[in-house]
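Here is what each chain is made of, one letter per residue.
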Amino acid sequence: MEKELRATDIAADTGNSPATAAALAGWHRLLDEVAGALASTEAAGGRDEPARLRSKLEEILAGSSTALTACAGFRAVYMLGWGTYERGSAGPFAGPPDIDFAAAIARFRADRYRQAEKAGEDTCFLSEGEVAGWLADAGILAPIEVRGVEIEIDADPPYEPRHWPECPSCGEGRGEDRMGQVDHRRNASAWFRQCTRCGHGWDRREEAYRASDPMIPDDGRDIPGSCVPYAIAQACGLPIDLAIDECRRHGWRQARGVDDAAGISAALALGAEVTNGVLEELGLSRRRGVTLGAFLTAARPDRRYIVKVKGHWLAVVCGENRDAGGTRRSAPVLDAWEIRPAAAACSPAEAQGASARR
Ligand SMILES: [Zn+2]
């Protein structure tokens, strides 16, 4: 191959803008080098092709950053517009950011006049609509393709901060701290770690929902049908689990509850002393009817009671209504028992009071 292509010279003065000329010169230089490489491998007999040609091309490309940088001189996008009443537009075009449009248009006009003169025309029609094409032909602007692209980022794989603990189940994901159900009555929110990969949950715990208020511990009040064991636990000062286990032995089932006799049996089995006839002792007339409000007023402040209203038990401990069911004060009291817990289940002061009353 003859190296007759002096592209660098061709690019030198074609009326292009400096940036365009530089870009074209860069690319033509690249072409010259490729042509040279082809010529030299051909001269070597072509036996070592294509490995040598390939390595030569790679060498050239590695050194071609000048040409690429020159192309980047086209770093502005232009839309051309004209007309006062009837608007015309053309574009978009890419070009260097420093085009002198007044000078370019002066050249366009001179070019058109020259053509008209050459053709022996009596008039020369100048149209803004032809300027864009002329600028492109002159290499001052380059038409560019416009593509609308819809983009959407999905978080897959998800962001997995390294400071989150590793999943104990799959060992690949990380545990995100997540809030579970909120129990507004207890001001408690459930929290747990959930794996970003497999969804495994662990490290379950409870925290106060409103940080300014204390959280009421889960004392069993929210277990469905738990009013009997809950009242026993409150009246006897026992953990709810103990009361539930004993009530279960006496026939209690979650969401179904248990009858009075079984509840009393469970309290007795837990070591409590249970006394009947409380309403009479407090001077309340069962015949005329006793409301919860009246009972609370009459209840002795140093005693513990279990009170039965329709379908529900509640504990009244040392004058405090420990009802978890929100029974109205107007609700009729159907029965009541005084509870003296087993001494071991009470605080020392309570135990002393209980033994003094025996
Ligand atoms: Zn996992």
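Residues numbered from 1 in each chain as written. Predicted model: local features only at pLDDT ≥ 70, side-chain atom pairs only at ≥ 80, totals over all residues.

(A) Representation of the overall build of the protein chain within the structure. Secondary structure summary: the protein chain contains 12 helices and 11 strands in total. If you take every contact in the protein chain between residues at least 6 apart in sequence, the share linking residues at least 24 apart comes to 53%. (Helix = DSSP H or I, 4+ residues; strand = E, 2+ residues; numbered from the N terminus. Contact = placed C-beta atoms within 7 Å.)

(B) Structural detail: the pairing of strand 5 (residues 188–195). Where strand 4 (residues 175–183) lies against strand 5, seven bridges are found, and the strand directions are antiparallel. Bridging from a neighbouring strand, V182 pairs with S189 of strand 5. Joining the antiparallel neighbours strand 4 and strand 5 is a turn of four residues, in which N187 adopts a positive phi near 55 degrees. Two strands pair when backbone bridges link them, and strand 5 and strand 6 (residues 201–208) are joined in this way by six bridges, in the antiparallel orientation. Within strand 6, the residue paired with A190 across the bridge is E206. Following strand 5, the chain reverses through five residues before pairing antiparallel with strand 6; G199 in that reversal takes a positive phi of roughly 80 degrees. (Pairing = 2+ DSSP bridges.)

(C) Representation of the nonpolar core in the model. Counting 35 residues, the largest nonpolar core has A231, I232, C236, Y305, I306 and V307 as its most contacted members. Elements supplying a minimum of two residues to this core: helix 7 (227–236), helix 8 (240–249), helix 9 (260–269), helix 11 (292–298), strand 8 (304–309), strand 9 (312–317) and strand 11 (335–340). In terms of residue count, the dominant contributor to this core is helix 7 (eight residues). The contacts of I232, once residues within four sequence positions are left out, are A243, G263, A266, A267 and L270. Counting residues in each nonpolar core, the second largest holds eight residues, with A90, V131, A132 and L141 among its members. (Core = buried A, V, L, I, M, F, W, Y, C linked by C-beta atoms within 7 Å. Buried ≥ 20, exposed ≤ 12 C-beta atoms within 10 Å, placed from the backbone.)

(D) Quick peek at the sheet that holds strand 2 (residues 88–95). Pairing is antiparallel across the open sheet formed by three strands, whose spatial order is 1-2-3. The open sheet has two edge strands with one neighbour each: strand 1 (76–82) and strand 3 (142–143).

(E) Here's a closer look at the sheet that holds strand 10 (residues 320–321). Spatial strand order, 7-11-8-9-10: five strands in an open sheet with antiparallel pairing. Sheet topology places strand 7 (273–275) and strand 10 at the edges, where each strand pairs with a single neighbour. Where strand 8 and strand 11 come together, four bridges link them in antiparallel fashion. Paired with K308 across the strands is D335, a residue of strand 11. Along the sheet, helix 7 makes contact with strand 8, strand 9 and strand 11, crossing strand 9 at roughly 10 degrees. On the sheet, helix 9 packs against strand 7, strand 8, strand 9 and strand 11 and is oriented at approximately 140 degrees with respect to strand 7. (Axes fitted to C-alpha atoms, helices over the stretch in contact; angles between N-to-C directions.)

(F) Main features of the pairing of strand 11. Along strand 11, five of the six residues are buried, which leaves the element largely enclosed by surrounding structure. When strand 7 meets strand 11, the two strands line up antiparallel, connected through three bridges. Bridge pairing in strand 11 links V274 to I339.

(G) A look at helix 7. Most of helix 7 sits inside the fold, with 10 of its 10 residues counted as buried. Tucked inside the fold, the buried residues of helix 7 contact helix 8, helix 9, strand 8, strand 9 and strand 11. Just downstream of helix 7 lies G237, where phi reads positive at about 65 degrees.

(H) Spatial organisation of the packing of helix 7 against helix 9. At a minimum axis separation of 10 Å, helix 7 and helix 9 run at an interaxial angle of 35 degrees. Crossing geometry of helix 7 relative to helix 9 is assigned as right-handed. On the side of helix 7, the interface is formed by V228, I232 and C236, while helix 9 contributes G263, A266 and A267. Here the contact of helix 7 with helix 9 is built from residues that sort into five nonpolar, one polar and no charged. (Left-handed = near helix turned anticlockwise from the far one by under 90°. Nonpolar A, V, L, I, M, F, W, Y, C, P; charged D, E, K, R; others polar.)

(I) Inspection of the confidence of the model for the protein chain at higher detail. In the predicted model, the protein chain carries a mean pLDDT of 83, and 81% of its residues have values of at least 70. Within the model, the stretch residues 65–70 combines pLDDT values under 50 with eight contacts to residues more than four positions away or in other chains. (pLDDT = per-residue confidence, 0-100.)

(J) Quick look at the packing of helix 7 against helix 8. The geometry of helix 7 relative to helix 8 is characterised by a closest axis approach of 8 Å and an angle of 130 degrees between their N-to-C directions. Classified by the angle their axes make, helix 7 and helix 8 are oblique. As for how helix 7 packs across helix 8, the hand of that crossing is right-handed. Judged by residue contacts, V228, P229, Y230, I232 and A233 of helix 7 engage I240, A243, I244 and C247 from helix 8. Its residues assigned to classes, the contact of helix 7 with helix 8 comprises nine nonpolar, no polar and no charged. (Parallel < 35°, antiparallel > 145°, perpendicular 65-115°, else oblique.)

(K) Representation of the environment of D111. Summarising the element assignment, D111 is placed in helix 5 (residues 101–118). Counting along the chain gives 23 residues from D111 to W134, while the straight-line C-alpha distance between them is 9.7 Å.

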